[in-house]
Amino acid sequence: MIDNDRVMHSIFGAIDEINGQLPKGERLEKSINTALFGNHGSLDSLGLVSLVTTVEQKIEENFGMTVTILEKMEDLENENPFETVKSLTEYLSSFLENKSNE
Amino acid sequence: MNKQQFRCVLISDFNVDVFSGYLSNDEGFPLVETLVSPFGQVAQLLMQEDLDCWKGDSDCALIWTRPEAVIQSFNDMLAYNIPSLKEILSEVDQFAHLLLNVCGRVPFVFVPTWTIPTFHRGFGMLDMKKDIGIANTLMQMNLQLAEVFTKSSNIYLMDAQKWINTAGKYAFNPRLWYRGKVAFGNEVYKEAVKDLKAALSGVKGYAKKLVILDLDNTLWGGVVGDLGWENIALGGHDPIGEAYVDFQFTLKSLTNRGILLGIVSKNEESVALEAISKHPEMVLTLQDFAGYRINWEDKAKNIVDLVSDLNFGLQSVVFIDDNPRERSRVSEALSEVFVPEWPEDCMLYKSTLLNLRCFDAPSISKEDTERTKMYLSEQQRKDLKKSFSSLDEWLKGLEIKVTFEEICDANLHRAAQLLNKTNQMNLRTRRMSKTELAEWANRDDHKLWTFRVSDKLGDSGLTGIISLEVKNKQGLITDFILSCRVIGRKVEETMLFTAIKYAKSLGLDEIVAEYVPTPKNKPCLEFWKKSGFRFDEKNNIFTWGLKNDFPLPKYIKIIHTEKDDKKKHCV
């Protein structure tokens, strides 16, 4: 069973990392409701790339699993799990759960 | 724009927005505003000086490229189509000259060295082979850049490989490349930011020029006022003592870069100075320090006093102290002084010092300095090549000095350590306490010398002992001990020369040495077998008739230090 808190911890670690690259006014709060990318999110496409890649690294560090959570930007047009920290946590937990059951 | 804020033009063949973010967000001195040029247009940006990025008053440009993106022949090489090195270097030369164009447009130009991803194994075992290896070629390409850059004094090649080494596993992330054309992982950029800031500080004249040091637990282990200089931890065959000696060597090396040293310590001045002048393992002498304040006053006050005496500004100063309270006090009182966080473990002192970026400074005549360095390096290489042609030549090149003296207060501690820790080059493996050793050595018919060895590359310290017991007309070598640090440098023969010369002066007939085998001291037997002594294999006895002189090895300079007062005070 994948622990949601550990997943969120990985996302927050990635947010810390990304905030080092973002201008002051655009930095992300480490909160469940923080909007990331999409309608209300402040990340641009490079910001998203950075976030996704850093989250993947953190997952590898924290869960020992190598994952690719975004293959094509076009995929986000149908479903965008990167909209908020909450949606990303749910997506990742389910993703990791499936992967660990493979 | 704030005068302390720099504007930096960033040019690259890959997406440097992430790097730009880290650079402009970093709040350390100096602040940097970035001007990012569209990526992938390096040649155009370098060739055309009327572009927007060159207008305005930028302070510097950083031009970061991947070798395969700007040197076509190297790109071919990555596909294992090996062009000639000449062809590659010719292309590098052209590109390097393009980079030189920028030197007239901004005051300073920084160019990270070329690297390739660590996952690219090239030709494996052949990768360092000349004319074939990718790694070998890349090194030569970087050297070629460095060579061309000597033509201008305001262009600096920065060692990007260090950033990659520090970043480790995540230095390269192919996903970042495919998703965003970002060539390196975040850690590489963070290291690059630190080095670029240090460089900007340096070129603007903010490099540190004076290191002020505490003494107790900073230059040596322990509190000299409590322990006495004989008992502080410094040198010897233990990790702590060696770490302090190494740290002192590193500090001393800073003086070769033109960085001054000073002391600010809470101590009795006379006690501290006695330790500096008398302790045999002190690397730094009083002459290595530009000044000192050793008293019980506030350290911040002493620093101000010393710095003003030396005609420096506080912004030129680094203060190193093991005590976090003293560091905090100085940081708070003197915000301009750089007070690095200092490790508790003295074994990390040297690496911490070497890792400080605050000394990065171009000299006023940097171009000349680099030429001199390159010339000297080349000379050293040639010398080294020659030196391996024979043992004698090698020894000659080393300029070995062997200093011997009788056992005394100053060397007793170290001699006892050597006696009790040395296994390989140890004739009889006697083990004795400091007191027992001193008592033994002080008997009228006993003699014990200690040997210090140094050469042009450094001082190995007290590394040898030979002792002699006189019975009737015979001298018995009781101890013959040499640290493995200096084995094979003819110090063994020099020790025998010393003992035999002394025995002859007493009018003895012969010198005898009994080899007592242990599981570890076979190297000692091997040496003695080749020493020229007559060998009684049955009894493991070696004998030298004193009608014959024992030759002093060629190229060894032998110095006898006589300090009668030391012997007198021996415990």
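Per-chain numbering applies: the sequence of each chain, read as written, is numbered from 1 onward. The lettering of chains begins at A and the numbering of ligands begins at 1, in the order of writing. This being a predicted model, a pLDDT of at least 70 is required before a residue's local features are given, and a value of 80 or more before pairs of side-chain atoms are given or counted; all residues contribute to the totals for chains, interfaces and linings. Processing note: side-chain calculations cover all non-hydrogen atoms of the structure and skip hydrogens and water entirely.

### Describing the sheet that holds strand β6 (residues 210-213) of chain B
Residue and element names in this part refer to chain B.
And step 1. Spatial ordering of the open sheet is given by β8-β7-β6-β9, a layout of four strands whose pairing is parallel. Across the chains shown, the open sheet's two edge strands, defined by having one partner strand only, are β8 (289-295) and β9 (317-320). Averaged over all neighbouring strand pairs, the angle between strand axes comes to 15 degrees, with direction disregarded.
And step 2. Two strands make a pair as long as DSSP finds a minimum of two bridges between them. Secondary structure elements follow DSSP: runs of H or I of four or more residues count as helices, runs of E of two or more count as strands, with numbering from the N terminus. Sheet topology note: the β6/β9 ladder contains four bridges and is parallel. Bridge pairing in β9 links I212 to F319.
And step 3. Note on contacts: a residue pair is in contact if any heavy atoms of the two residues lie within 4.5 Å. All axes here are fitted lines through C-alpha atoms, helices being fitted over the stretch that makes contact, and every angle between N-to-C directions spans 0 to 180 degrees. The sheet contacts of helix α12 (residues 269-278) involve β7 (260-266) and β8, and relative to β8 the element is tilted by about 140 degrees.

### Focus: the packing of helix α1 (residues 4-19) of chain A against helix α2 (residues 45-63) of chain A
Residues and elements named next belong to chain A.
And step 1. Axis separation between α1 and α2 bottoms out at 8 Å; the angle between their running directions is 135 degrees. Viewed along their axes, α1 and α2 adopt a mutual orientation that is oblique. Pair α1 / α2 crosses with right-handed handedness. In this structure, α1 uses R6, V7, H9, S10, I11, G13, A14, I15, E17 and I18 to contact α2, whose residues at the interface are S50, L51, T54, V55, K58, I59, N62 and F63.
And step 2. For the contact of α1 with α2, the class distribution of residues is nine nonpolar, six polar and three charged. Orientation is classified from the angle alone, with under 35 degrees giving roughly parallel, over 145 giving roughly antiparallel, 65 to 115 giving roughly perpendicular, and any other angle giving oblique. Crossing handedness: left-handed means the near helix sits turned counterclockwise from the far one by under a right angle, and right-handed means the same turn made clockwise. Here the term charged refers only to Asp, Glu, Lys and Arg, the term nonpolar to Ala, Val, Leu, Ile, Met, Phe, Trp, Tyr, Cys and Pro, and the term polar to all other amino acids, Gly among them.

### Remarks on the interface of chain B and chain A
And step 1. Listed per partner, the contact involves 18 residues of chain B and 23 residues of chain A.
And step 2. The term buried area refers to how much accessible surface (probe radius 1.4 Å) is lost by two components on association, counted for both of them together. Summed over both partners, the interface of chain B with chain A buries about 1500 Å², with 43% contributed by carbon and sulfur atoms.
And step 3. On the chain B side of the contact with chain A, Y170, R175 and R179 of chain B bury the most area, a combined 41% of that side's loss.
And step 4. When a carboxyl oxygen of Asp or Glu is within 4 Å of a side-chain nitrogen of Lys or Arg, the pair counts as a salt bridge. Seen at the junction of chain B and chain A, the total is five salt bridges.
And step 5. The shortest N-O distance in the salt bridge between E17 of chain A and K190 of chain B comes to 2.6 Å.
And step 6. Residues adjacent in sequence count toward polar contacts only when both atoms are side-chain atoms; beyond that, a polar contact is any pair of N or O atoms within 3.5 Å, and within protein one must be able to donate a hydrogen and the other to accept it. Linking chain B with chain A are 14 residue pairs in polar contact (both at pLDDT 80 or more), by the criterion used here.

### Remarks on helix α9 (residues 186-203) of chain B
All names here are of chain B.
And step 1. Compared with the 26 Å implied by 1.5 Å per residue over 18 residues, the 26 Å span of α9 between its first and last C-alpha is a close match.
And step 2. Among the 18 residues of α9, 15 are classified as buried, and the element is accordingly described as predominantly covered.
And step 3. Just downstream of α9 lies G205, where phi reads positive at about 85 degrees. Expected helix span is taken as 1.5 Å per residue step, with the number of steps being one fewer than the number of residues. Relative accessibility thresholds used throughout: buried, under 20% of the residue-type maximum; exposed, over 50%; partly exposed, between the two (1.4 Å probe, protein chains only).

### Side note on the packing of aromatic side chains
Working definition: an aromatic ring pair is given by the centre-to-centre distance plus the angle between the planes.
All names here are of chain B.
And step 1. The aromatic pairing rule takes the rings of Phe, Tyr and Trp, using the six-membered ring of Trp, and pairs them if the centres are within 6.5 Å, calling planes under 30 degrees apart stacked, those over 60 edge-to-face and the rest tilted. Applying the stated criterion across every chain yields a total of 31 aromatic pairs over all chains.
And step 2. Consider the rings of F19 and W64, whose centres lie 5.4 Å apart with planes at 90 degrees: the pair is edge-to-face. With a gap of 45 residues between them, F19 in helix α1 (residues 17-25) and W64 in strand β3 (residues 60-64) connect regions that are remote in the sequence. Just as F19 is buried, W64 falls in that class too.
And step 3. Members of the aromatic cluster, joined through ring pairs, are F14, F19, W64, F119, W163, F172, F184 and Y189.
And step 4. The rule is short: NZ of Lys or CZ of Arg within 6 Å of the ring centre and within 35 degrees of the ring normal puts a charge over the ring. Here the basic side chain of K181 rests over the ring of W177, its NZ or CZ set 5.2 Å away from the ring centre.
And step 5. A cation over a ring is seen here: R430 above W440, with NZ or CZ 4.4 Å from the ring centre.

### Brief notes about the state of the cysteines
Residues and elements named next belong to chain B.
And step 1. Note on terminology: pairs of cysteine sulfur atoms within 2.5 Å are recorded as disulfides. Under the criterion given, the structure shown has zero disulfides over all chains.
And step 2. C8 takes part in no disulfide bond, and the closest cysteine sulfur to it belongs to C60, at a distance of 3.3 Å.
And step 3. Residue classification places C8 among the buried residues on the basis of a relative accessible area of 0%.

### Let's talk about α1 of chain A
And step 1. With 16 residues, α1 of chain A extends 22 Å from end C-alpha to end C-alpha; this agrees with the ideal 22 Å at 1.5 Å per step.
And step 2. For α1 of chain A, the complete set of buried residues consists of V7, M8, S10, I11, A14, I15, E17, I18 and N19 of chain A.
And step 3. Buried residues in α1 of chain A make contact with α2 and α4 (85-101) of chain A together with α1 and α9 of chain B.
And step 4. Between the side-chain oxygen at the start of α1 of chain A and the backbone nitrogen of D5 of chain A there is a gap of 2.9 Å, and the oxygen is on D3 of chain A.

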